[in-house]
Structure formats: C-alpha cells, structure tokens
Amino acid sequence: MDKKLLDILVCPVSKAPVEWNKETNELICRTSGLAYPIRDDIPVMLETEARTLTTDERLEK
Amino acid sequence: MTDQKDSQDKTHFGFEQVKVDEKQDKVADVFHSVASKYDIMNDLMSGGVHRIWKRLTIEQSGVRRGHKVLDIAGGTGDLTMRFSRLVGAEGQVVLADINDSMLKVGRDRLMDRGITGNVEFVQANAEALPFPDNTFDCITIAFGLRNVTFKEKALASMARVLKPGGKVMVLEFSKTNNPLLTKAYDLYSFSLLPKIGKLIAGDEESYRYLAESIRMHPDQETLKGMMEEAGLSQCKYQNMTGGIVALHTGIKP
C-alpha cells in the first residue's frame, strides 16, 4: 500500500483516517466499522463494497 | 434543480425514469461496456475536438509544481496525464473513478506512457469522496457530473475536500445557444451517434444514453447556481463550440 496515498485517504462514511490491514489487504475504519477492499492495488473506497467489521475486529488494538 | 427526486424515488437515466438506487448500476454498465473503446470513440464522436476542450481546461486550472490535484471521473486519464507533468515530483495527482473498468484502462494507459510516481488511483463515488477536508488545490470532473445521481451532493463533497482558495472545474456537455447548431447537433446525436457506437464499440444503447443524458443535464445557468449552492464563490462558465460543452469554475472561499 502506497504511503503517499494512504496519507490522504479517509473513510467516505465517517471521514476518519483509515489504517491498512496487511493480512486482509483492507483499509479499516474503526469509527464507521467498515473495511474497504483493495483490488488490483486500487483501494475501493465505496460504502457499497465495504465489509462490516466484526465486534472482535473493532475492539482489537 | 430537480436532480434529487423528480417524483418519489425516481431519477433520470437518459430519457428513461429509473429508481434512484438503480441509476448508479445502469451508468456502471454503460462504462463497463465502453471502457476499452472509450478513447477512440471520443476522438471519433467529437472529431478530435475533445482534446481542445481538455487543453483549455488544463490551461485555466492554474495548476503548478507541487500542487495536489484530484481528477474525478478521470476515466482513461486524459487530464491526469497532463496534470502529472505540471505538478512534478513534489506534487500529487489522484485519479478517482467509480468504475473499475475505466480505472484499469486509465492505469494501463498511463503506465504505457511512463507516467508513474506522482499519480494515484482510487475507486470512489463523487458523492462521498474519501479524502480529508481542505486537501486539494484543484479538482476537475470532465464529462462525469452528468452521470452522478445526486449532483448537489457531489458538488458539496468536492467543495469539502478542496483547499480554501482552490478551484473546482466542471467540464461537461451543456446547452447549445444557436438554433441552427442545435438542430444539426440533435440530428447528429440521435441519428448518427448511436450508429457510430454500434459500428465501433458494438454498443448502440450506451451511445443513445450518452445523447439523452446530455439533454437531461442542467444548463449553464442552473449548474452555476448549483455550484454557488455548494458553497463555491466566483462561479462562472465559458461556452466552447457554441455551448455544446461548457467549462464551469468556482473557488472555495
């Protein structure tokens, strides 16, 4: 994940910064509880394509 | 503008009335279908004039070295390519499009031309941009706003992520101002254009949608009003090719 891009990406729903989850290759927003996929190296920042985080995932770290 | 809800939960898809939540998918189908032939079709349909419209947009952008630029509905990267050269290594251009087929064609095309390093690609909806407030010096949306379901939301979202003093530029088909030109243009759009689409891209319907969606798009004054409504100032427009296309600009106060 490109750092220069990550620096200016926020969750389109909460507008909070997202963090990159290396294992799942997703961009995570704990505020909205959504995980955005990265497909073919392109972040898919669409609410309709996002996965809802499980409670465990939300509380992690 | 009646962009939001014409009656109940309907909006327009070309001349057709569709449910609000269907428009996005229907537009997506159009662009998945035309992505690979998009560039050659633009040249054919406009006789190459779209290059002049885009060049004028770049010239008036005021973009220079070190700037951050967002190219919404950037598609196959025509504007991004030019911005990438202007902003240099210390600048950044983000090409955003809601359609992954268009993004991939754009990325391949830019890579083929050796344009890398200061360009990023993001799949995003113009109505809910995934960037912090006050991020970009310039935001462009060229031939894209027409296809957005909620245009007011998109303009507000652009104003939010624009830096104070930054510029929004909307390049879009508009209303012709000469009756004779309008007649010729209508004849061309509704008779010849879908045929060219069928012949080259094997898709008559998508190009019929193109012609219809142009007629449904708000005219110059209406769009200017919508930009002011979104909180932009110094909003103005410039007609090109007799108003077939207009370039609207606005500044974030």
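Everything quoted here is computed from the prediction, not taken from an experiment.

Each value, and the rule that gives it
Residues numbered from 1 in each chain as written. Chains lettered and ligands numbered in written order. Predicted model: local features only at pLDDT ≥ 70, side-chain atom pairs only at ≥ 80, totals over all residues. Helix = DSSP H or I, 4+ residues; strand = E, 2+ residues; numbered from the N terminus. Rg over C-alpha atoms; globule rule 2.2 N^0.38 Å. Contact = placed C-beta atoms within 7 Å. Buried ≥ 20, exposed ≤ 12 C-beta atoms within 10 Å, placed from the backbone. Pairing = 2+ DSSP bridges. Nonpolar A, V, L, I, M, F, W, Y, C, P; charged D, E, K, R; others polar. Axes fitted to C-alpha atoms, helices over the stretch in contact; angles between N-to-C directions. Left-handed = near helix turned anticlockwise from the far one by under 90°. Arc of directions from axis to C-beta. UniProt positions renumbered as here; feature names shortened; annotations may be inferred.

### As for the overall build of chain A
Reasoning step 1: Helix and strand content of chain A: two helices and five strands.
Reasoning step 2: Counting from the amino terminus, chain A carries its helices and strands in the arrangement α-β-β-β-β-β-α.
Reasoning step 3: Rg of the C-alpha trace for chain A: 11 Å, near the compact-globule value of 10 Å for 61 residues, within the 12% margin.
Reasoning step 4: Across chain A, every contact between residues at least 6 apart in sequence was considered, and the portion connecting residues at least 24 apart equals 15%.

### Quick notes on the pairing of strand β2 (residues 26–29) of chain A
Residues and elements named next belong to chain A.
Reasoning step 1: Burial along β2 is two-sided: the residues Glu26 and Ile28 and Leu27 and Cys29 are all buried.
Reasoning step 2: In this sheet, β2 lies alongside strand β1 (residues 19–21) in antiparallel orientation, the contact comprising three bridges. Residue pairing in the sheet places glutamate 19 in a bridge with isoleucine 28 of β2.
Reasoning step 3: Between β1 and β2, which follow one another and run antiparallel, lie four residues, and asparagine 25 among them has a positive phi close to 50 degrees.
Reasoning step 4: Pairing analysis gives four bridges linking β2 to strand β3 (residues 34–39), with the strands arranged antiparallel. Opposite isoleucine 28, over in β3, you have alanine 35 as the bridge partner.
Reasoning step 5: The hairpin turn running from β2 into β3, its antiparallel successor, is four residues long, and glycine 33 in that turn takes a positive phi close to 70 degrees.

### Let's talk about the interface of chain B and chain A
Reasoning step 1: Each partner contributes to the interface: chain B provides 15 residues, whereas chain A provides 15 residues.
Reasoning step 2: Of all the secondary-structure elements, those providing two or more residues to the side of chain B that touches chain A are α5 (100–112) and β5 (119–124) of chain B.
Reasoning step 3: For the side of chain B that touches chain A, the element with the most residues is β5 of chain B, which contributes five residues.
Reasoning step 4: Grouping the constituent residues of the side of chain B that touches chain A by class yields nine nonpolar, four polar and two charged.
Reasoning step 5: With two bridges connecting them, strand β4 (residues 42–45) of chain A and β5 of chain B associate as parallel partners. The partner of valine 44 of chain A across the bridge, within β5 of chain B, is glutamine 123 of chain B.

### Quick look at the packing of helix α2 (residues 38–46) of chain B against helix α7 (residues 179–201) of chain B
Residue and element names in this part refer to chain B.
Reasoning step 1: Put simply, α2 and α7 touch, their axes get as near as 11 Å, and they point 145 degrees apart. In the packing of α2 onto α7, the handedness of the crossing is right-handed. Every residue of α7 that contacts α2 at Ile40, Met41, Leu44 and Met45 is listed here: Leu193, Ile196, Ile200 and Ala201.
Reasoning step 2: Taken together, the residues that form the contact of α2 with α7 break down as eight nonpolar, no polar and no charged.

### Focus: helix α3 (residues 49–59) of chain B
Each full turn of the α-helix corresponds to 3.6 residues, which orients residues three or four apart in the same direction.
Residues and elements named next belong to chain B.
Reasoning step 1: Turning to α3, its buried residues are Trp53, Lys54 and Thr57. The arc that holds the buried residues of α3, viewed along the axis, is 95 degrees, so those residues lie on one side.
Reasoning step 2: As for α3, its buried residues are in contact with α4 (78–87), β6 (136–142), β7 (162–173), β8 (233–240) and β9 (245–251).

### Quick word on the pairing of β4 of chain A
Consecutive side chains of a regular strand alternate in pointing toward one face of the sheet and then the other.
Residue and element names in this part refer to chain A.
Reasoning step 1: Pairing of β3 with β4 involves two bridges; the strand directions are antiparallel. Each bridged residue has a counterpart across the sheet, and for isoleucine 38 the counterpart in β4 is proline 43.
Reasoning step 2: From the end of β3 to the start of β4, which pair antiparallel, there are two residues, and aspartate 40 there has a positive phi angle of about 55 degrees.

### Re the packing of α7 of chain B against helix α8 (residues 204–216) of chain B
Residue and element names in this part refer to chain B.
Reasoning step 1: Interaxial distance between α7 and α8 falls to 7 Å at its minimum, and their mutual angle equals 145 degrees. For α7 against α8, the interelement crossing comes out right-handed. Within the contact between the two elements, α7 uses Ser189, Phe190, Leu193, Pro194, Ile196, Gly197 and Lys198 and α8 uses Glu204, Ser206, Tyr207, Arg208 and Ala211.
Reasoning step 2: Across the contact of α7 with α8, the residue classes tally to six nonpolar, three polar and three charged.

### Quick look at the UniProt feature "binding site: S-adenosyl-L-methionine" (unreviewed entry) in chain B
Residue and element names in this part refer to chain B.
Reasoning step 1: According to UniProt, the "binding site: S-adenosyl-L-methionine" (unreviewed entry) feature falls on Thr76, Asp97, Asn125 and Ala126.
Reasoning step 2: With residues up to four places along the chain from it excluded, the contact list for threonine 76 reads Tyr38, Asp39, Met102, Val105, Gly106 and Arg109.
Reasoning step 3: Structurally, asparagine 125 is set in the loop between β5 and β6.
Reasoning step 4: Of the residues examined, asparagine 125 has 24 C-beta atoms within 10 Å and is grouped as buried.

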